[in-house]
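So you can see what is in the structure, the chains are spelled out below.
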Amino acid sequence: MLGKLIKYDFKANIKIYFGMYIFLLATALLAALSDWGASKYQGALPWVILDPITKVMYVIGIVAVLAVTFFDAVLRYRKNLLKDEGYLMHTLPVTAASLYFSKLITAILKMIVGCVVIYLTSTIVVRDFFWIVDFCKGFKTGFAESLGVLGVSATPLVILLGVVMILSVVASWVQFYLCLTLGYTWNYGNGNTNRDIMSVVSYFIIYAVLQVVSLAAMFIVVAIVGVDNIAHFETVESMLNYMYWTFGMSLGITVVSTVVCMVLSIKRLEKKLNLE
């Protein structure tokens, strides 16, 4: 049943997504054409004007794909599970966990598809299918140089940073889901309180809690590594050790907070559901 829910969610707003992908492809082709024209006919006014315009349009397309994909996942959760459509969704013979994870998995899949489309269209713009390889090498080298550890392998640290960034996107969805769930399932006063406003209030409360936890984690890192070691890194290894502890602690907080938010959201959907 989970697969059917994901299939249903994946088809939602499919025309909008196809429209964005087609726009992105069109702007990529225009950007590639204008770049070719600008390089072949250097100084020609039409190409000089067209080249930056088409590239800006392509960047706008990338931002649109990422932004719409992210916020559509949040709005679909609100609309399908907490608004009017929730009456139907919650009568299905599935658990609250299945409903919850169908939304989250669909969001992740749509973001993956969006990123793949962005990459494929970017290869048209730069006219190099494997540009990501050179980019990764350059990023790793630049990252190592910024830490002053050139010559020491920073690959594990870069991978750890990448994992943290990817999980942060999922964690953001999960936090939004919890804020909406809290805002729409708690009964305030006479029940006339705007639930979207309460969702916003819930967001700031959860954000404040996570900031306190993050601050506490940083104190733990300082206690483990030592204040003197942080102020004066004596060796490359001591600097890397500090970075590993920092990113590792960030990863741990992200994973734990994500799981906690998931559990709280599902429990609220099971026990406290009160649709409009």
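Look above for the structure.
Residue numbers here run from 1 along each chain, matching the order of that chain's written sequence. Whole-chain, interface and lining totals are the exception, using all residues; otherwise, since this is a predicted model, local features are given only for residues with pLDDT of at least 70 and side-chain atom pairs are given and counted only at 80 or more. As a rule here, side-chain values come from all non-hydrogen atoms in the structure, and water together with hydrogens is ignored.

### Focus on the pattern of salt bridges
Here is step 1: When a carboxyl oxygen of Asp or Glu lies within 4 Å of a side-chain nitrogen of Lys or Arg, that pair is called a salt bridge. Applying the stated rule across the entire model yields seven salt bridges.
Here is step 2: For the salt bridge of arginine 76 with aspartate 9, the shortest nitrogen-to-oxygen distance reads 3.8 Å. Of this pair, arginine 76 sits in helix 3 (residues 45-82) while aspartate 9 sits in helix 1 (residues 2-11), and the two are 67 residues apart along the sequence.
Here is step 3: Of the charged contacts in the structure, one is a salt bridge between aspartate 35 and arginine 127, with a shortest N-O distance of 2.4 Å. Of the two residues, aspartate 35 is situated in helix 2 (residues 14-40) and arginine 127 in the loop between helix 5 (96-126) and helix 6 (131-147); the sequence distance between them amounts to 92 residues.
Here is step 4: Taken together, the shared-partner salt bridges in this structure form one network comprising Asp35, Asp51, Lys55 and Arg127. Helix and strand assignments follow DSSP, with helices taken as H or I runs no shorter than four residues and strands as E runs no shorter than two, numbered in order from the N terminus.

### Here's the deal with the side chain of threonine 254
Here is step 1: Note that threonine 254 resides in helix 10 (residues 236-271).
Here is step 2: Should any heavy atoms of two residues lie within 4.5 Å, those residues are considered in contact. Leaving out residues up to four positions away in the same chain, threonine 254 has contacts with Leu167, Ser168 and Ala171.

### Remarks on the nonpolar core
Here is step 1: With 30 residues, the main nonpolar core has Tyr77, Tyr100, Leu104, Trp173 and Tyr177 as its most contacted residues.
Here is step 2: At the level of secondary structure, the elements contributing two or more residues to this core comprise helix 3, helix 5, helix 7 (155-185), helix 8 (195-225) and helix 10.
Here is step 3: Ranked by residues supplied to this core, first place goes to helix 7 with nine residues.
Here is step 4: If we skip the residues at most four places from it in the chain, tryptophan 173 touches Thr69, Phe70, Ala73, Val74, Leu104, Ala107, Ile108 and Met111.
Here is step 5: Here the nonpolar core consists of buried residues drawn from Ala, Val, Leu, Ile, Met, Phe, Trp, Tyr and Cys, with membership extended through side-chain atoms lying within 4.5 Å. Under the scheme applied here, a residue whose accessible area is under 20% of the maximum for its type counts as buried, over 50% as exposed, and between as partly exposed, the area being computed with a 1.4 Å probe on protein chains only. Counting twelve residues, the second largest nonpolar core, distinct from the first, contains Leu24, Ala28, Tyr58 and Ile118.

### Describing the layout of surface pockets
Here is step 1: Approximately 610 Å³ is the volume found for the largest pocket.
Here is step 2: Lining residues are defined by having an atom within 4 Å of a point belonging to a cavity or pocket. Those points lie on a 1 Å grid over the protein atoms alone, cavities being sets where a 1.4 Å probe fits but cannot get out and pockets being open sets with protein on both sides within 12 Å along at least five of seven lines. Taken together, 15 residues make up the lining of the largest pocket; nearest its centre are Cys115, Ile132, Gly162, Met165 and Ile166.
Here is step 3: For the lining of the largest pocket, the secondary-structure elements that each account for two or more residues are helix 5, helix 6 and helix 7.
Here is step 4: Looking at which element gives the most residues to the lining of the largest pocket, the answer is helix 7, with seven residues.
Here is step 5: For this classification, Asp, Glu, Lys and Arg are treated as charged, while Ala, Val, Leu, Ile, Met, Phe, Trp, Tyr, Cys and Pro are nonpolar and the rest, including Gly, are polar. In terms of residue class, the lining of the largest pocket is built from 14 nonpolar, one polar and no charged.
Here is step 6: A volume near 360 Å³ is recorded for the second largest pocket.
Here is step 7: Every residue lining the second largest pocket is counted, 18 residues in all, and those nearest its centre are Gln175, Leu210, Gln211, Ser214 and Thr254.
Here is step 8: Elements that contribute at least two residues to the lining of the second largest pocket include exactly helix 7, helix 8 and helix 10.
Here is step 9: If one sorts the elements of the lining of the second largest pocket by residue count, helix 8 sits on top with seven residues.
Here is step 10: A breakdown of the residues in the lining of the second largest pocket according to their chemical character gives nine nonpolar, nine polar and no charged. Grid points are joined across faces, edges and corners, and a volume is the space filled by probe spheres set on the points.

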